[in-house]
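Descriptive analysis of the structure
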Amino acid sequence: MSFPDVRMRRLRRTESLRAMVRETVLGPERLILPLFVTEGEGVRQEIASMPGCARLSIDHLIAECREAADLGLGGVILFGIPETKDAEGTEGYRKDGIIPRALTAVKEAVPDLTLWADVCLCEYTDHGHCGILEDGVVKNDETLELLAQAAVVYAGAGADVVAPSDMMDGRVLAIRDALDEDGFEDTVIVSYAAKYCSGFYGPFRDAADSAPQSGDRRGYQMDPANALEALREVELDIEEGADVVMVKPAMPYLDVIRLVKEEFGMPTAAYQVSGEYSMLHAAARNGWLDLERVMHESVLSIRRAGADVILTYFAKELARKADR
Ligand code: PBG
């Protein structure tokens, strides 16, 4: 059968018909909101390169998390901006560092919200690299211990999910072992398994003040040219005990999301990163794009590619839109 018996437009005639056959829907439970936590009280520092995002002190963070819970979001992921940085990134794994304090406070105030903690050292090191630096090279095995320590501290403080984003080899295993040893066998690990060395992280590094002071991250993050290598990364992380695997960034790597989902059938996350967010805002500010439409369309594309969970700075706006 074909035209004129078949008319694809029949099912597009009304919103009710379109909704009936819609293949992909974006529920708020699929969305995770990234938030930046800073020291102080009553602090809300807008991030110039990320319109609508701010560095929040814990009191403001709690209010934001309440809103996230009321909107039915799947969770929030916290990034810390410490007052001091050092070569070993000590503030990242100290028991009374900014993230553990934030986790404990939010867990108490908003107990039903799922709390994710990003696990990495780059926000806490003065050199801005994701691990211990020796002669300009990030030392893999030495870094693992510190990441594992951070994960245990975050789990103890109230994190439901720890999400290592450092791209060291073996870190999922190191974190799983350390968590289990301390009785946190139910803490979920979402591994940033295929994290590319991307120019789209620019605004985040501005927000977290985490740009490498020398060199770049090409020695540990993935080459944007590679897709098969992503499958190896994901496979290794699954073997090491990852509960969810992530691809990051999202929109420039939709093919990788699809490959990962089809190959492993694992719960799969994707991170619509700061640059993806900021460029849509920038174009909208110029009157070149309709922000409401493109934020929805961009996140839909990520979901359609195969992501079950999406980390996005648009999470609240999208959830509000779903309400309407
Ligand atoms: C830390 C980390 C980064 C992002 C998330 N975790 C930055 C980086 O690798 O430089 C980027 C998030 C974003 O751009 O929104 N390792």
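Just above sits the structure.
The present account deals with the structure reproduced in this document. Quantities reported herein were computed from a predicted structural model and do not represent experimental measurements. Position numbers for residues count from 1 along each chain, tracking the sequence in the order it is written. Totals for whole chains, interfaces and linings use every residue, but because this is a predicted model, local features are given only for residues with pLDDT of at least 70 and side-chain atom pairs only at 80 or more, for both listing and counting. Side-chain measures were taken over the full set of non-hydrogen atoms in the model, leaving aside hydrogen atoms and water.

The next subject is helix α7 (residues 228–240). If you check α7, its first and last C-alpha atoms are 19 Å apart, about what 13 residues at 1.5 Å a residue would give, namely 18 Å. Remark: exposure states derive from per-residue accessible area (1.4 Å probe, protein chains only) relative to the maximum for the residue type, with buried under 20%, exposed over 50%, and partly exposed in between. Secondary structure elements are defined from DSSP: runs of H or I of at least 4 residues count as helices, runs of E of at least 2 residues count as strands, and each element is numbered from the N terminus. Those residues of α7 not exposed but buried are Ala230, Leu231, Glu233, Val234, Asp237 and Glu240. Residues are treated as being in contact if the distance between any of their heavy atoms lies within 4.5 Å. Considering only its buried residues, α7 is in contact with α5 (171–181), β9 (188–195), β10 (244–248) and α8 (254–264). Helices are assigned an expected span. That span is 1.5 Å times one less than the residue count.

Definition of nearness: a residue and a molecule or strand are near each other if at least one heavy atom of the residue lies within 4 Å of the molecule or strand. Taken together, 16 residues surround the ligand, and among them Lys195, Arg205, Lys248, Ser274 and Tyr313 come closest. Counted as a polar contact is a pair of N or O atoms within 3.5 Å, where, for protein atoms, one must be capable of donating a hydrogen and the other of accepting one, and residues adjacent in sequence contribute only when both atoms are in side chains. Between the ligand and the protein, one listed contact pairs an oxygen atom with a side-chain N or O atom of Lys195 at 2.7 Å. One nitrogen or oxygen atom from the side chain of Gln221 is found 3.0 Å from an oxygen atom belonging to the ligand. Per-residue and other accessible areas were derived by the Shrake-Rupley procedure at a 1.4 Å probe size, with only the shown protein chains allowed to occlude residues. In isolation the ligand offers 400 Å² of accessible surface; the protein chains occlude 100% of this area.

Throughout this description, the term salt bridge denotes a Lys or Arg side-chain nitrogen within 4 Å of a carboxyl oxygen of Asp or Glu. Evaluated as defined, the whole model comprises 18 salt bridges. Note that Glu39 and Arg101 form a salt bridge whose closest N and O atoms lie 2.7 Å from each other. Here Arg101 lies in helix α3 (residues 98–109) and Glu39 lies in the loop between β1 (31–38) and β2 (44–46), a separation of 62 residues in the sequence. A salt bridge links Lys316 to Glu64, with the nearest nitrogen and oxygen atoms 2.8 Å apart. Residue Lys316 is found in helix α11 (residues 315–323), and its partner Glu64 is found in helix α2 (residues 58–70); the two are separated by 252 residues along the sequence. Taking the relative accessible area as the measure of exposure, Glu64 reaches 11% and is therefore buried.

Let us look at helix α10 (residues 291–305). Across its 15 residues, α10 extends 21 Å between first and last C-alpha, which sits within 8% of the 21 Å expected from 1.5 Å per residue. Every buried residue of α10 is listed here: Val294, Met295, Ser298, Val299, Ser301, Ile302, Arg303 and Ala305. By the N-cap criterion, in which a side-chain oxygen at the helix start approaches the backbone nitrogen of a residue two or three places on, α10 is capped by Asp290, the distance to Glu292 being 3.2 Å. Two residues or fewer after α10 comes Gly306, characterised by a positive phi angle close to 130°.

Ring pairs shown here join Phe, Tyr and Trp side chains whose ring centres sit within 6.5 Å, with only the six-membered ring taken for Trp; geometry is labelled stacked below 30 degrees between planes, edge-to-face above 60, and tilted in between. All told, the structure shown has 9 aromatic pairs when counted by the stated rule. Between Phe79 and Phe204, the aromatic rings sit 5.0 Å apart at their centres with planes inclined by 80°, giving edge-to-face as the arrangement. Note that Phe79 is positioned in strand β4 (residues 75–81) and Phe204 in helix α6 (residues 202–208), a separation of 125 residues in sequence. Like Phe204, Phe79 is buried. Grouped by ring-pair contacts, the aromatic residues Phe36, Phe79, Tyr192, Phe204, Tyr271, Tyr277, Tyr313 and Phe314 constitute a single cluster. Definition used: whenever NZ (Lys) or CZ (Arg) falls within 6 Å of the ring centre and also within 35 degrees of the ring normal, the charge is taken to sit over that ring. A cation over an aromatic ring shows up here: Lys195 above the ring of Tyr192, its NZ or CZ 5.6 Å from the ring centre. Of note, Lys195 hangs over the ring of Tyr201, and the distance from its end group to the ring centre comes to 5.4 Å.

By themselves, these figures tell us nothing about what the structure is for.
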